[in-house]
Amino acid sequence: MAGSSTETSKWLTLSITLTLATLSASAAISVFFRSKRREKLINELEKSLNESLKKCAAERQGRIRAQQDLRNAMLQPKTDKLETTYPMAPIGIIRSCFSTRNGTPRQPLIVPLARARLTFDTTLVPPASLEGLEEYSHCWIIYVFHLNTDLDKLWKNPSRSKLKAKVRLPRLKGEKMGLFATRSPHRPCPIGLTVAKVESIQGSSILLSGVDLVDGTPVLDVKPYLPYCDSIEGASVPDWVKMDALLAVASVDFSDNFLATLTDCWPTIDKKSLYTSPEEFQILIKQVLSWDIRSVSQRTQVEENFEKTKNEQIYKNEVQDVIYHLNLEGLDVAYRITSDSNVLVENVTFPPK
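Residues numbered from 1 in each chain as written. Predicted model: local features only at pLDDT ≥ 70, side-chain atom pairs only at ≥ 80, totals over all residues. Heavy atoms only, no water.

A. Spatial organisation of the overall build of the protein chain. Summing up its helical and strand segments, the protein chain has 8 helices and 12 strands in all. A separation threshold of at least 6 residues defines the contact pool for the protein chain, and within that pool the share at least 24 residues apart is 71%. Counting every atom, the protein chain has about 23,800 Å² of accessible surface; 56% of that belongs to carbon and sulfur. (Helix = DSSP H or I, 4+ residues; strand = E, 2+ residues; numbered from the N terminus. Contact = heavy atoms within 4.5 Å. Areas by Shrake-Rupley, 256 points an atom, 1.4 Å probe, with all protein chains shown as cover.)

B. Quick look at the sheet that holds strand β2 (residues 115-120). Spatially, β1-β2-β7-β6-β3-β8 is the arrangement adopted by the 6 strands of the closed barrel, whose pairing is antiparallel. Strand-to-strand twist of the sheet, defined as the mean angle between neighbouring strand axes without regard to direction, takes the value 45°. Relative to strand β7 (residues 205-209), β2 runs antiparallel, the two sharing 5 bridges. Along β7, the bridge assignment pairs L118 with I206. (Pairing = 2+ DSSP bridges. Axes fitted to C-alpha atoms, helices over the stretch in contact; angles between N-to-C directions.)

C. Molecular detail of the packing of aromatic side chains. A full pass over the atoms with the stated rule returns 6 aromatic pairs. Where W140 meets Y225, the ring centres are 5.5 Å apart and the plane angle is 45°; that geometry is what we call tilted. Here W140 is found in strand β3 (residues 138-144), whereas its partner Y225 is found in the loop between β8 (218-224) and α3 (227-230), with 85 residues between them in sequence. Seen from their ring centres, Y275 and F281 are 5.8 Å apart, and the 75° between their planes marks the pair as edge-to-face. Comparing Y275 with F281 shows no difference in burial state: the two are buried. Ring pairing ties together the aromatic residues W266, Y275 and F281, which thus form one cluster. (Phe/Tyr/Trp six-rings, centres within 6.5 Å; stacked < 30°, edge-to-face > 60°. Buried < 20%, exposed > 50% of the residue type's maximum accessible area, 1.4 Å probe, protein only.)

D. Structural detail: unusual backbone geometry. The backbone of L109 shows a phi angle near 70°, a positive value even though the residue is not glycine. As for its position among the elements, L109 is in the loop between β1 (92-96) and β2. Judged by relative accessible area, which is 39%, L109 ranks as partly exposed.

E. Here's a closer look at the nonpolar core. Of all hydrophobic cores here, the largest spans 52 residues; its most connected members are I206, L208, F281, L284, I285, L289 and V345. By size, the runner-up hydrophobic cluster in this structure holds 5 residues, among which are V167, L169, L172 and W240. (Core = buried A, V, L, I, M, F, W, Y, C linked by side-chain atoms within 4.5 Å.)

F. Broad picture of a positive patch on the surface. The grouping of K164, K166, R168 and K176 at the surface amounts to a positive patch. Within the element layout of this structure, K166 appears in strand β4 (residues 166-168). (Patch = residues over 30% accessible without salt bridge, like charges linked within 9 Å, V, L, I, M, F, W, Y side chains within 5 Å. Salt bridge = Lys/Arg side-chain N within 4 Å of Asp/Glu carboxyl O. Lys, Arg positive; Asp, Glu negative; His and termini not counted. Charge placed at Lys NZ, Arg CZ, Asp CG, Glu CD.)

G. Representation of the pairing of strand β9 (residues 251-254) in the model. Going residue by residue along β9, you find V252 and F254 tucked away on one face and S251 and D253 left uncovered on the opposite face. In terms of strand pairing, β9 meets strand β12 (residues 342-349) through 4 bridges, oriented parallel. Bridging from a neighbouring strand, F254 pairs with V345 of β12.

In short, geometric facts, not functional conclusions.
What follows is the structure, given as structure tokens:
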């Protein structure tokens, strides 16, 4: 019995020793891994701190450079030259009854039946942008004078554009006036402003009337017309602006077969026309030609010939022999104008290709 008790005591002592050894090893391993994690965390924190310090230093250097640039700019001689540019892209295109500049009214609303459709680029202007505009009777249109012959020079090399400070005015029979006292399309920034009647909203387009815009005009913006602030009571203008009678003709008549010829041409343009019938289109022609749409040079050429000959009969014959042309919706309208400012519309055809 004594030997058995001794043997058991030995095994118990060995077991306790092994257990303690195992616990010590586990504790050592745990301490080792905790130490590694702590070391890794410390390294990450040190790295993050270094990056933050570098970023702060870079920002400080940036502020220092900006302050230096500001001081240098303030030390430079002052100049009134504007160097900032504002690039703008059209948001829509005008499809107008006026195929060319010739015949396009010089001011809005003087030809009530002059129609156009403004079609928007839906990638820039969602149709929802037009909601509510139908509640206004008129709208402002900001556009580009895209047919100016000096447009490329003006934009690409403004210093060589040779912009004229004065322009000839039809109302003053060619006399000159300061550019900004006129509505000439030839301007430092070739941007136009006009007003038109809102006939209807059709999806992503606006049907307009009373326009003075040529076909293909790029549009930059549209704003509603507000009578309470856009119509200025008591506004004054120079006397020469009031002389509209100088550009109004005495009468507009049509040749006997004009409407029949127009009716023959109508099926070709019917589907794309802004007008419902040849008769309505004829009314448009009469409204356009109720104003003398000839250029200053055209009006003065025959008068200069009269001054040379001093023969009134020759003058009248020369005036009546001149045939002028008006292009509306792709149709060529031929007309004459007498020395008494009576217009005779003779024929309508398709222009030669």
